[in-house]
Number of protein chains: 2
Amino acid sequence: MRQNVVEAILMKHSTVRGTPLVSWNEGPRKASILHFVERVTAEGGVDYVPALDRIAVFDNDGTLWSEKPFYFQLAFALDRVKALAAQHPEWQEQQPFKAVLEDDLESVLSGGLKAIIDILVATHGGNTTDEFEQIVSGWIASARHSATGRPYTKMVYQPMLELLDFLRAKGFRTYIVSGGGIEFMRAWVEDVYGIPPEQVIGSTIETKYEMRDSGPVLVRIPKVEFVDDGEGKPVGIHKFIGRRPILAFGNSDGDHQMLQWTAAGEGARFMGLVHHTDAEREWAYDRRSQVGRLDKALDEAHEKGWTVVDMKHDWRVVFPWESKNKVWRQKAQRAQTRS
Amino acid sequence: MRQNVVEAILMKHSTVRGTPLVSWNEGPRKASILHFVERVTAEGGVDYVPALDRIAVFDNDGTLWSEKPFYFQLAFALDRVKALAAQHPEWQEQQPFKAVLEDDLESVLSGGLKAIIDILVATHGGNTTDEFEQIVSGWIASARHSATGRPYTKMVYQPMLELLDFLRAKGFRTYIVSGGGIEFMRAWVEDVYGIPPEQVIGSTIETKYEMRDSGPVLVRIPKVEFVDDGEGKPVGIHKFIGRRPILAFGNSDGDHQMLQWTAAGEGARFMGLVHHTDAEREWAYDRRSQVGRLDKALDEAHEKGWTVVDMKHDWRVVFPWESKNKVWRQKAQRAQTRS
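Keep in mind it's a predicted model, so treat the numbers as computed, not measured.

Asker: Sorry if this is basic, but what is going on with the interface of chain B and chain A here?
Answerer: Interface size is commonly expressed as the accessible area that is lost once the parts come together. In this complex, chain B contributes 41 residues to the contact, which on the side of chain A involves 41 residues. Of the roughly 3400 Å² buried at the junction of chain B and chain A (both faces included), carbon and sulfur atoms supply 58%. When the buried area of chain B at its contact with chain A is split by residue, E198(B), Y209(B) and K239(B) rank highest and sum to 19% of it. Where chain B meets chain A, there are 10 salt bridges. Counting across the chain B and chain A interface gives 18 residue pairs in polar contact (both at pLDDT 80 or more). Among the elements of the structure, α1 (2-15), α7 (129-142), β2 (173-181), α9 (182-186), β3 (200-212), β4 (215-226), α11 (232-240) and α12 (256-263) of chain B are those that each provide at least two residues to the side of chain B that touches chain A.

If you want it as structure tokens, here you go:
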């Protein structure tokens, strides 16, 4: 698989031979991206940024792939509760697990953040890191979204895939900075987004080195270590990268501080938000949504002139399966065959 | 400065035009390095490793630069105690600070690890990350080693600089994985080793995002978050890189688990130890040393056939100032002018 990934990454250069961002409609948002990239890459220009400092950070849930009706990682965790139920007879009577096993999603969600964290911790700890990677890989290959019937890895935004590719072709390094679990994402994002594991920053649980008869392993401890959300995002960026990004893209208030941190650097900057305005092709939500609430960051974006992408008007297609672009369709099919 | 760094990194390719590893004497250790690199880079060979997976990790203290009479970061912390003493009148009567201010190093060290951690925490927290970087940069440019009178950034091992360069020329990415503070190292390792901040893994203290009138900052909290030593090294590698290295170099028992973790991967592997055997040009120490103890890892290295570099016999020169190689001497001088 690794070799395929290398090829896929090398291959990307061919996909941007033609016009970049073909799935973006013409208009101020597309123009703001193209203009920014032009400024920071024009050698000798006042805004020129050396390639090593062309760091671009992207939130994942709601920015690169969908997050409705709830975060896809939670769907994974719910499936894991069912898979692990036989080993946990006590879950039959214990909330929130009882509700999960009864497919009573409303009760699960009524338990709020605590119920969700209980589910995440119970289903994400206990394995070695190698085992966990295999579990996630198996799930992501077979699971289907309840509304679209598509694999989750197909519910990625075609215009954002093109943006990632375009930036890399222009010497940027693209990072994910997500509230999602770092090891949950690393199991599939290289195939799907072309982003290698060392460029994925996310929430972590503790891990512990252990020497077994079979050799050393890293065991995942069911204890939250770091939450890469909100104020945690600039903290995570500083810890993992040690450089301030010059471009940041998010979609919710959980990305607000990451955008502020990016904006506060010297020189040309790009701050972008995906605004979910398309109830027909995707979902429409912002200030009142439980998942992916966009409120304070939207106010600051309007105030500061950050780029707010209007999904309905700015994106010619949302998902890859709508794309008329052959290269992309083929690439998506290949990625699917691999995963 | 950043631009100089880019040039320096690009420039490195010229330094390996000729014979690689010129400061290494011929013999089994040099041969084991050259042979390993040949195996994993020979396209079509059974041991071929794609470039993306050519991850090489290096300990810092005692592996890339010296660590005697004690870790150089501790010298920084002792100097900081003196610089901060006016703001801390209580330190005049409070150990271990009192001993530091009286230059009574013996008393400081008799306080053991606890005294050292007290000093590190008190001197490494409280600033913003930007302020701390400036403090370290200022210190590293002016401080001198008590025994050699040289800047600490000159007390790096010429043969290891050549190894880093050689590996990069062969498509490896070189990482530091050190018990030292991640932000202490990032302030200077890019200039000195050509290793960018995102490839530096180290111990961390907590940081906190804070919005001030002047804009957002990250504040360093005087509280240890992660100790990247011993069992922490494979944990740190997995968290930051998410790939298993194929080459690891250390010098002490603090690197033992990193070497075990590297060795346990599939395919060709290289595990190396710098054995400090040269009391004349550097220091000679191993099993009984307080700083950089090498005992259990040395036993396993002998048992498993890992490469144990005998500093006295394998290195033609130890420090760059001894080097007869003009390119390196000039490069070292330029780095000095910049820093």
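Asker: How should I be thinking about the side chain of S252(B) in this particular structure?
Answerer: All names here are of chain B. Its place among the elements puts S252 in the loop between β5 (247-250) and α12. Among the residues examined, S252 registers a relative accessible area of 11% and is labelled buried. Within the structure, the side chain of S252 is placed 3.1 Å from the backbone nitrogen of G254, a separation counted as a polar contact. Excluding residues within four positions of it along the chain, S252 makes contact with L273, G292, R293, L294 and A297.

Asker: What's the story with the relation of the copies chain B and chain A in this structure? I'm lost.
Answerer: Between the two chain copies there is a screw-like relation: a rotation about an axis and a shift along it. For these two chains of identical sequence, chain B goes onto chain A by a turn of 180° and a shift of 0.0 Å along the axis, with RMSD 0.0 Å. With respect to symmetry, the two chain copies, as superposed, fit the operation of a two-fold axis. Every residue of chain B has its C-alpha some distance from the rotation axis, and the shortest such distance is that of F240(B), at 3.2 Å. In this assembly the copies share their binding face: 100% of the residues contributing to the interface of chain B also contribute to that of chain A.

Asker: What am I meant to see in the nonpolar core here?
Answerer: When a protein is soluble and globular, its nonpolar side chains tend to lie buried together. Counting residues in each nonpolar core, the largest one holds 168 residues, and the members touching the most others are Y193(A) and Y193(B). Excluding anything up to four places from it in sequence, Y193(A) contacts N60(A), L64(A), W65(A), V156(A), L161(A), L164(A), R168(A), I176(A) and W188(A).

Asker: Would you mind going over the packing of helix α3 (residues 72-84) of chain A against helix α7 (residues 129-142) of chain A with me for this structure?
Answerer: Relative orientation and spacing of two packed helices are given, respectively, by the angle between their axes and the distance between those axes. Residue and element names in this part refer to chain A. Interhelical geometry of α3 versus α7 gives an angle of 105° and a closest axis separation of 11 Å. Here α7 runs roughly perpendicular to α3, going by the angle between their axes. In contact with F72, A75, F76, D79 and R80 of α3, α7 contributes F132, I135, V136 and W139. Here the residues of the contact of α3 with α7 are counted per class, giving seven nonpolar, no polar and two charged.

Asker: Help me out: how do you make sense of the pairing of strand β5 (residues 247-250) of chain A in this one?
Answerer: Successive side chains on a regular strand alternate, one facing one side of the sheet and the next facing the other. Residue and element names in this part refer to chain A. Residues of β5 alternate between two faces, with L247 and F249 on one and A248 and G250 on the opposite face, all of them buried. Direction of pairing for β5 relative to strand β6 (residues 270-277): parallel, over a ladder of four bridges. For L247, the partnering residue across the bridge sits in β6 and is F270.

Asker: Before we go on, may I ask you to explain the pattern of salt bridges in this structure?
Answerer: Where charged atoms of side chains with opposite charge meet at close range, the side chains can pair. In the structure shown here, the tally under the stated rule is 44 salt bridges over all chains. Of the charged contacts in the structure, one is a salt bridge between D59(A) and K233(A), with a shortest N-O distance of 2.9 Å. With a gap of 174 residues between them, D59(A) in the loop between β1 (55-58) and α3 and K233(A) in helix α11 (residues 232-240) connect regions that are remote in the sequence. The two residues D59(A) and K233(A) agree in class, both being buried. A salt bridge links R281(B) to D278(B); the shortest N-O distance between them is 2.6 Å. R281(B) gets classed as partly exposed once you look at its relative accessible area, which sits at 26%.

Asker: Help me out: how do you make sense of the confidence of the model for chain A in this one?
Answerer: Detailed reading of predicted coordinates is not advised where the pLDDT is low. Residue and element names in this part refer to chain A. For chain A, per-residue confidence averages 91 on the pLDDT scale, and 90% of positions sit at 70 or higher. pLDDT under 50 marks residues 1-16. Its contacts with residues more than four places away, or in other chains, come to 28 contacts. This prediction of the complex comes with two scores: 0.90 for pTM and 0.90 for ipTM.

Asker: Mind showing me how you'd approach the sheet that holds strand β7 (residues 307-310) of chain B here?
Answerer: Consider a sheet: its strands pair through backbone hydrogen bonds, and that pairing is either parallel or antiparallel. In space, the seven strands of this open sheet follow the order β4-β3-β2-β1-β5-β6-β7 (chain B), with mixed pairing throughout. A strand with exactly one partner marks an edge of an open sheet, and here the two such strands are β4 and β7 of chain B. Going from strand to strand, the sheet's axes swing by 30° on average, the running direction of each strand aside. The strands touched by α11(A) within the sheet are β3 and β4 of chain B, with β3(B) carrying the most contacts at an inclination of about 150°.

About the criteria used
Residues numbered from 1 in each chain as written. Chains lettered and ligands numbered in written order. Predicted model: local features only at pLDDT ≥ 70, side-chain atom pairs only at ≥ 80, totals over all residues. Heavy atoms only, no water. Contact = heavy atoms within 4.5 Å. Buried area = accessible area lost by both parts, 1.4 Å probe. Salt bridge = Lys/Arg side-chain N within 4 Å of Asp/Glu carboxyl O. Polar contact = N/O pair within 3.5 Å; in protein donor to acceptor, adjacent residues only side chain to side chain. Helix = DSSP H or I, 4+ residues; strand = E, 2+ residues; numbered from the N terminus. Buried < 20%, exposed > 50% of the residue type's maximum accessible area, 1.4 Å probe, protein only. Least-squares fit on C-alpha atoms with pLDDT ≥ 70 in both. Core = buried A, V, L, I, M, F, W, Y, C linked by side-chain atoms within 4.5 Å. Axes fitted to C-alpha atoms, helices over the stretch in contact; angles between N-to-C directions. Parallel < 35°, antiparallel > 145°, perpendicular 65-115°, else oblique. Nonpolar A, V, L, I, M, F, W, Y, C, P; charged D, E, K, R; others polar. Pairing = 2+ DSSP bridges. pLDDT = per-residue confidence, 0-100.

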